[in-house]
Amino acid sequence: MFEQQLEHWLEPFKAARQRAVFIFSPAHQHERDLILDQLTQLPTHTLWLSDSARQVAQMHRYRDYLGQNTQHVVLDFQQLIHADALAALAGTVRGGGCLWLVLPPHSSCFQQRLLIHAEQITGLFHCARWQDFLALLNTSAPSLPPASPAPSLPSQDQEAIINTLLEHPTHTHVLMADRGRGKSTTLGLAIRQAKSTKPIVVTGPRPSALTTLLQEAGANAEFRAWDRLLGDASSHGQTLVIDEAAAIPLHCLQALCNNYQVWAVATTVEGYEGCGQGFVLRFLEWLTQHFQIIRHQLTEPLRWANDDCCETWLNRALLMVSSDRRQRCQPPSETLRLQFCHASQLDESALAQVMALLLEAHYQSSPNDLRLLLDDPDQHLLLACDDEAILGVTWLATEGPIANDLHTPIMRGERRIKGQLLPQALGFYRQQAQSLGWAWWRIVRIAVAPQHRRQRIGAKMLSATIKHAQQRNVTAIGTSFGVTPEVECFWSDTPLQEVRRGLKKNAASGTVSALWAFGLEPEARAIIDELATLQRLENAWTRGGAAEFAHLATPSLAQHCLAILQGFCGGALPFSDARFAWWLLAHLSGDSRTIARDVLQSQQSTAELVRNSSATSRTDLERKLRQEAALFLRHIDQNKFL
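Read on for an overview of the structure.

1. Focus: the overall build of the chain
At step 1: When you go through the chain residue by residue, the secondary structure sums to 27 helices and 19 strands.
At step 2: Computed over C-alpha atoms, the radius of gyration of the chain comes to 28 Å, within 12% of the 26 Å expected from 2.2 N^0.38 for 642 residues, which places it in the range of a compact globule.
At step 3: Based on the C-alpha atoms only, the size of the chain along its principal axes is roughly 85 × 60 × 55 Å.
At step 4: The proportion of buried residues among the 642 residues of the chain is 54%.
At step 5: When contacts within the chain are restricted to residue pairs at least 6 apart in sequence, long-range pairs at least 24 apart make up 71% of them.
At step 6: In the structure as shown, the chain presents an accessible area of about 28200 Å², 49% of it carried by carbon and sulfur atoms.
At step 7: Between the averaged position of the 58 positive side-chain charges in the chain and that of its 62 negative side-chain charges there is a distance of 5 Å.

2. Brief notes about the sheet that holds strand β5 (residues 93-102)
At step 1: Strand order in the open sheet formed by 6 strands is β3-β2-β4-β5-β1-β6, and the pairing between neighbours is parallel. In this open sheet, the two strands that pair with only one neighbour each are β3 (57-58) and β6 (124-127).
At step 2: Where strand β2 (residues 47-50) and β3 come together, 2 bridges link them in parallel fashion. Across the sheet, residue S50 finds its bridge partner in β3, namely Q58.
At step 3: On top of the sheet, helix α4 (residues 83-90) reaches β2, β4 (70-76) and β5; it is set at about 160° to β5, its chief contact.

3. Side note on the pattern of salt bridges
At step 1: Under the defined criterion, the tally for this structure stands at 20 salt bridges.
At step 2: With a shortest N-O distance of 2.6 Å, E348 and R113 are connected by a salt bridge. Note that E348 is positioned in helix α15 (residues 348-361) and R113 in helix α5 (residues 109-119), a separation of 235 residues in sequence.
At step 3: By relative accessible area, which is 36% here, E348 ends up partly exposed.
At step 4: Taking the relative accessible area as the measure of exposure, R113 reaches 9% and is therefore buried.
At step 5: Through salt bridges with shared partners, a single network forms among R61, D64 and R206.

4. Some thoughts on the side chain of T70
At step 1: Mapping T70 onto the fold places it in strand β4.
At step 2: What T70 contacts, discounting residues up to four positions off in sequence, is L47, T92, V93 and R94.

5. Quick notes on the packing of aromatic side chains
At step 1: Going through the model one piece at a time under the given rule, you end up with 28 aromatic pairs.
At step 2: Each ring, one from W541 and one from F580, has its centre 5.4 Å from the other, and the planes form 50°; the classification is tilted. Highlighted residues: W541 in helix α22 (residues 522-542) and F580 in helix α24 (residues 575-589), separated in sequence by 39 residues. In this structure, W541 and F580 share a single accessibility class: buried.
At step 3: Among the aromatic residues, those joined into a cluster by ring pairs are F2, W9, F13, F22, F24, W100, F125, W130 and F133.
At step 4: Lying across the ring of W304, R19 places its NZ or CZ 3.5 Å from the centre.

6. Here's the deal with the nonpolar core
It is characteristic of soluble globular proteins that their nonpolar side chains tend to be buried jointly.
At step 1: Within the largest apolar cluster, 59 residues are counted, with the highest numbers of intra-cluster contacts made by L75, L86, L99, L101, W313, L381 and L383.
At step 2: The biggest single contributor to this core is α4, with 7 residues.
At step 3: Discounting chain neighbours no more than four positions away, the residues touching L75 are L49, M59, A85, L86, L89, L99, W100, L101 and V102.
At step 4: Counting residues in each nonpolar core, the second largest holds 33 residues, with F428, I564, A586 and I636 among its members.

7. Examining the side chain of S50
At step 1: For S50, the position within the fold is in strand β2.
At step 2: Look at S50 and you get buried, because its relative accessible area is 0%.
At step 3: A polar contact of 2.7 Å, which involves the side chain of S50, links it to the side chain of S52.

8. Details of the sheet that holds strand β7 (residues 172-177)
At step 1: Read from one edge to the other, the open sheet built from 6 strands follows the order β9-β8-β10-β11-β7-β12, with strand pairing classed as parallel. Each edge of the open sheet is held by one strand with a lone partner, namely β9 (221-223) and β12 (293-298). When strand polarity is set aside, the average angle formed by the axes of neighbouring strands in this sheet is 20°.
At step 2: Running over the sheet, helix α7 (residues 156-167) touches β7, β11 (261-268) and β12 and is turned about 165° from β12.
At step 3: The strands touched by helix α11 (residues 250-259) are β8 (200-203), β10 (239-242) and β11; relative to β10, the strand with the most contacts, the crossing angle is about 155°.

9. Overview of helix α18 (residues 421-429)
At step 1: Burial of α18 is extensive: 7 of the 9 residues sit out of reach of the surface.
At step 2: Turning to α18, its buried residues number three or more, namely L422, P423, Q424, A425, L426, G427 and F428.
At step 3: Q431 occupies a position one or two residues after α18 and carries a positive phi of about 50°.

Cut-off values and rules
- Residues numbered from 1 in each chain as written.
- Predicted model: local features only at pLDDT ≥ 70, side-chain atom pairs only at ≥ 80, totals over all residues.
- Heavy atoms only, no water.
- Helix = DSSP H or I, 4+ residues; strand = E, 2+ residues; numbered from the N terminus.
- Rg over C-alpha atoms; globule rule 2.2 N^0.38 Å.
- Buried < 20%, exposed > 50% of the residue type's maximum accessible area, 1.4 Å probe, protein only.
- Contact = heavy atoms within 4.5 Å.
- Areas by Shrake-Rupley, 256 points an atom, 1.4 Å probe, with all protein chains shown as cover.
- Lys, Arg positive; Asp, Glu negative; His and termini not counted.
- Charge placed at Lys NZ, Arg CZ, Asp CG, Glu CD.
- Pairing = 2+ DSSP bridges.
- Axes fitted to C-alpha atoms, helices over the stretch in contact; angles between N-to-C directions.
- Salt bridge = Lys/Arg side-chain N within 4 Å of Asp/Glu carboxyl O.
- Phe/Tyr/Trp six-rings, centres within 6.5 Å; stacked < 30°, edge-to-face > 60°.
- Lys NZ or Arg CZ within 6 Å of the ring centre and 35° of its normal.
- Core = buried A, V, L, I, M, F, W, Y, C linked by side-chain atoms within 4.5 Å.
- Polar contact = N/O pair within 3.5 Å; in protein donor to acceptor, adjacent residues only side chain to side chain.

Take a look at the structure:
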């Protein structure tokens, strides 16, 4: 039994409050199985996640375990390394505990990056086989920094924040820190000391993430789910504390702040979840404009020592440490150098600058982005450089062409292929078969250093992207983004046009998504121009003014509408995505009876249609509407649209 030997070997780590990291990279499946079987001897309360079929928690559910304080965490990466889960769950391990990683059997650039950085740091151990690990336990433990006594709680910094919270109960306090700094403990102790006649409502992504806060607050806190709070008008106006705020959709946070007396908001701003930077960029800016806020920060780790080897490794390997990039970027010279490359070709300095730009510019950036950029050959970068400084970056993804035998299943909604966003979106929502056979470049993100924005760096990168794509026989380029006035303004000043707008708000951004495209070959350009006209008409119809634009409808545009409505009749598309096509065909065919129907009026939501009809459910409504749409197609003269 190795656990007794391990316990003895870890004594220096416990004394120094350091986390030990054991990384296994088995070359064969039988060796992997042996390692995993041996690790089952760890204590039963070990947190264990896997992306394989083993009877443990699934890796993609890693957020369910945030907020825990663990001794051992085992991450079994059978398929690929989930960098977000690694960054997040490493933060649950306390000083003196162990993080166990079993890497995939196939190597990759990202995997090698983790191992190279691990070799440079004391306290991290790479073993190919289980026998190598047993041999390690027979050696002396590494020399670690002097013993670091556990801090008394609350620390001086925590005590100062608690006092400020209590002295300013009507302000909104924002507490930011990396994981392991004691944010939840600070909030819990403040709530316990607050003078309140009834328990203070606290919320967060899930109850398990607030375990520490609720324990420290005692009877003075009452957890309620944030979505329940939004729907309960009777509780509006109560005092509210929000923990792990970056894991709650931005628009929902704003609604909570508008409806409740938010006393404190806390979040992790680096690494885990991957959206901490977005929280700082968007939510704090909004909060400052609408409320009196006091900002607090905790920097000293409490769960482990200051010089913890695991934290050093993750910060370096995952590039999770922010720095003042504004000071490093000088005004650009007259000549801006544009460079196409793959992330695996960059040196450490350039890669760090790229990730810093992406993390700062987008609310959904995460450590998984680094893994994808390094390992996926279909991901590319365009860098805008001034000497050694990278002022802008464009992230490009190659998509399509998709094999012919998959076209029909995709258009029917029966198949979804990962990494094919643009061709599949047009193929399904616009029933556009041709787009599935095109070679696409998708612009995943364009990011420019804040102090160099509005200097047309983004426009120069886009022009270079189009020229480069044309030289490589790319059929079309496109992008997809959450619609905000600022982002839409940028794309409106480019050759790309909007060809599809979603109807549901994204959970993270609170915005609907739009798809913009530009054809680089004549056929693709003609089709995209038609789809863009169709989308302009649909946007006008949504606002209630489509009739005045109906003269723009051409026979070819009507053909697109026929394909969309036929897709609805065949059971592929939902009614909401075929509604405008039906309205336009009815308008062009002169079927005034159908035009007058409430069912084709944009102001009526699908939920209202269900309530106002004899349908028993949304599914029943769509079934009846499909029958009626099929009848409509049989009776109209489709030759008018040829």
